[in-house]
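For reference, the chains in residue letters:
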Amino acid sequence: MGRLLKQIIKENDIKNIAPEDYRELAKEIRIKLVQSVSRTGGHLASNLGAVELTMALHLCLDFPKDKLVWDVGHQAYVHKLLTGRGDAFGTLRQLGGLSGFPKVKENPSDTFNTGHSSTSLSVALGMAKARDLRGTDEKIFAVIGDGALTGGMAFEALNNAAALKSNLVIVLNDNNMSIAPNVGGMSNYLGKIRANRNYRNLKANVEKALDKIPNFGHSLSHHIKRAKDSIKHLFIPGMFFEDMGLIYIGPVDGHNISEMKTAFETAASVKDQPVLIHVLTKKGKGYQPASRHPAQFHGVGQFNIRTGESLCEEKITYTKIFGQWMLAVGKKQEEIVSVCAAMPDGTGVQAFSEKYPDRFFDVGIAEEHAVTFAAGLAAGGLRPIVSLYSTFLQRAYDQILHDVCINELPVIFTVDRSGIVGRDGETHQGIFDISYLSSIPNMTILSPMDGEELVSALNFVLYHMDTPAAIRYPKGEAYYIQKENRPAFEYGKAEVLVKGRDVLILAVGNMAEKALAAAKILEEDKIFPTIVNMRFVKPFDEELVCTLARKHRLVVTMEDNVYSGGFSEKVQAVLQRERISRAKCLPICLPDVFVEHGAPEELYKKYGMDEKSVAKKINEVVVR
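Figured I'd write up the structure that's included with this text. The model shown is predicted, which means the values in this text are computed figures rather than measured ones. (Residues numbered from 1 in each chain as written. Predicted model: local features only at pLDDT ≥ 70, side-chain atom pairs only at ≥ 80, totals over all residues. Heavy atoms only, no water.)

## A closer look at the environment of histidine 79
- Within the secondary structure, histidine 79 is located in helix H4 (residues 77-82).
- Taking the C-alpha atoms as reference points, histidine 79 and asparagine 47, 32 residues apart in sequence, are found 9.4 Å from one another.
- Filtering out sequence-adjacent residues up to four positions away, histidine 79 remains in contact with Thr54, His58, Phe63, Leu68, Trp70, Arg85, Ser109 and Asp110. (Helix = DSSP H or I, 4+ residues; strand = E, 2+ residues; numbered from the N terminus. Contact = heavy atoms within 4.5 Å.)

So, in structure tokens, the structure goes:
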């Protein structure tokens, strides 16, 4: 750790650093970021771009009294370093170590737990109003990126902000799109004038004086205001925000600490109105590979610092298999269209977007709109495939229910990153999708057990279904079961993988891999289970399950979902309804908790879902 960074052992210590050393401190922070993330993986480019921005915020705020809400939160690494977590930074995203996102339990300066986009403005606005009602004086700041501002919730908060007449400082970190041209010093000057209370009081007094002039005073005031607003629309950036009732300051150089500090202090002095500061930053700044390829370094695994090349072995993932399938069927089926929410690379549809740009729609970070937009596409005669991560699809629950399923539209949802995701932690684990999707009528849920079956599931839904369907699959390398003569998919039907006795294992999706591995361990103790690959979660093969349950002493359900509302709960309900009391039930699933960050295998082991733990649990019940 660098000389200056070593001096920051707790929050607010940056204020002891001399201004002439700020540039050197920023350099030390960037070195620390690159060195650490190259070993642990994480979100690099966004943090490199937010170094000076975060420093300026810490120079203006007093932690933990003042409140800083990060949108999404993956750009809060610098904030963690500046609040004294430098020594622990090597544990970033490791089981039991620092989270890659703000966590209140980790440090009180982390104001609010975040991980999803477009939430910061609503949170900060609520905090500002709570402050006003309590009569306290803490500053409330929210940092939101230009991408997150596409989320509808952010606009809802902006719309509400002016009406509440409370001071809230919104920092728009613009590192990609250009909302307004950068007109330099004049723009900043005008912004400061508009934020100045004396200016606003003068403007109000002039308007009142004009209104008092008999006969034509009010009319004159009205025409002057109209002319003034027209001129402002021509010359002043940010009029969109001004028209919503916010004071706009900017654009500000997001790598000039002095300029940002002045803007932040000016904005915080406003007592009765929200202020938006438009800050321009460069994603990946200070590390050439990341600045050249910011998207590639948004979220990275281990990499070579000198070259920027990934040290992670190239693998065939479920996401890649889906992407290849999209290209293949896209060529044959012109009615297929792809919809994603700002993640074409992450969801595997980037190649489709390049090959068929007219049939690809990236709607930005707007999952609710993505789903209802897809409903409109389907109602118009097309076959939309909506590709989202499990954790983000849950944001569009009402749209799935109201706009897709009530209308019985043939929208296909490819639910990437289902189950345990790993190092991004509790806000990103896809462990609720079975529960929330299976609660909706007209929805079919498939969970293929390996890479080959993923293709079969996709083909089945595309060619044999005309109602809503979700296909869920995990993150990471695709598993392949060595199996010949696989039976074709039949709606709602499961497949018996192994015929045994005593124990019946019902495996959902990738849990089939762990079930087969657990069976090998059990065989050493002369326990030979029957293993069923469920294929369908909703509707699941109740007839087969009940028939087999009557022949076994123990029914084991295995799913990478929480118990509440999950597959295990549904199987137990069916067995109880059918009065199949001979068989005991052993659910292998996640408890009713938010699962922390860590390597997937570490988490499976911790929650008793790895093959050794499963075998041990089964053995204990059978022996008893």
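From this point on, the discussion continues.
## Concerning the sheet that holds strand E14 (residues 530-533)
- Sheet architecture is open: five strands sit in the order E12-E14-E13-E16-E17, paired in mixed fashion. Both outer strands of the open sheet, strand E12 (495-498) and strand E17 (584-590), are each paired with one neighbouring strand and no more. Between one strand axis and the next, the sheet turns through 25° on average, direction left out of account.
- In this structure, strand E13 (residues 503-507) lies alongside strand E16 (residues 554-562), joined through five bridges in parallel fashion. Residue leucine 506 lies in a different strand from E16, and its bridge partner there is threonine 557. (Pairing = 2+ DSSP bridges. Axes fitted to C-alpha atoms, helices over the stretch in contact; angles between N-to-C directions.)

## A word on the sheet that holds strand E10 (residues 444-446)
- One open sheet accounts for seven strands, arranged E7-E6-E8-E9-E11-E10-E15; its pairing is mixed. Each edge of the sheet is formed by a strand with only one pairing partner; in this case those strands are strand E7 (360-362) and strand E15 (536-538). Along the sheet, successive strands turn relative to each other by an average axial angle of 20°, direction set aside.
- Each of strand E6 (336-340), E7, strand E8 (383-389) and strand E9 (412-416) is contacted by helix H15 (residues 367-379), which is oriented at about 165° to E8, the strand it contacts most.

## Re unusual backbone geometry
- Geometrically, the link from phenylalanine 63 to proline 64 is a cis peptide bond, its omega value of 0° lying close to zero.
- With respect to the helices, strands and loops of the structure, proline 64 is situated in the loop between helix H3 (51-60) and strand E1 (67-70).
- Here arginine 417, not a glycine, exhibits a phi torsion of approximately 60°, which is positive.
- Residue position: arginine 417 is located in the loop between E9 and helix H18 (433-438).

## Things to note about the packing of helix H13 (residues 318-332) against helix H19 (residues 451-464)
- The N-to-C vectors of H13 and H19 enclose an angle of 35°; their axes lie 10 Å apart at closest approach. Both H13 and H19 take part in a crossing whose hand is right-handed. Contact with H13, carried on its side by Tyr318, Ile321, Phe322, Trp325, Val329 and Lys332, involves Gly451, Leu454, Val455, Leu458, Asn459, Leu462 and Tyr463 of H19 and no other residues of that element.
- For the contact of H13 with H19, the residue count by class is 10 nonpolar, two polar and one charged. (Left-handed = near helix turned anticlockwise from the far one by under 90°. Nonpolar A, V, L, I, M, F, W, Y, C, P; charged D, E, K, R; others polar.)

## So, the side chain of arginine 131
- Along the chain, arginine 131 falls in helix H5 (residues 120-134).
- A residue is classified by how much of its surface remains accessible, and arginine 131, at 6% relative accessible area, is buried.
- In contact with arginine 131, other than residues within four places in its own chain, are Thr136, Asp137, Glu138, Lys139, Ile140, Ser166 and Asn167. (Buried < 20%, exposed > 50% of the residue type's maximum accessible area, 1.4 Å probe, protein only.)

## Details of the nonpolar core
- Ranked by internal contacts, the top residues of the largest apolar core, which has 56 residues, are Ile29, Leu33, Leu44, Met55, Phe264 and Ile277.
- Methionine 55 has contacts with Ile14, Tyr22, Leu25, Ala26, Ile29, Leu82 and Ile257, leaving out every residue within four places of it along the chain.
- Among the nonpolar cores identified, the runner-up in size contains 46 residues, and Val339, Ala370, Ala494 and Met534 belong to it. (Core = buried A, V, L, I, M, F, W, Y, C linked by side-chain atoms within 4.5 Å.)

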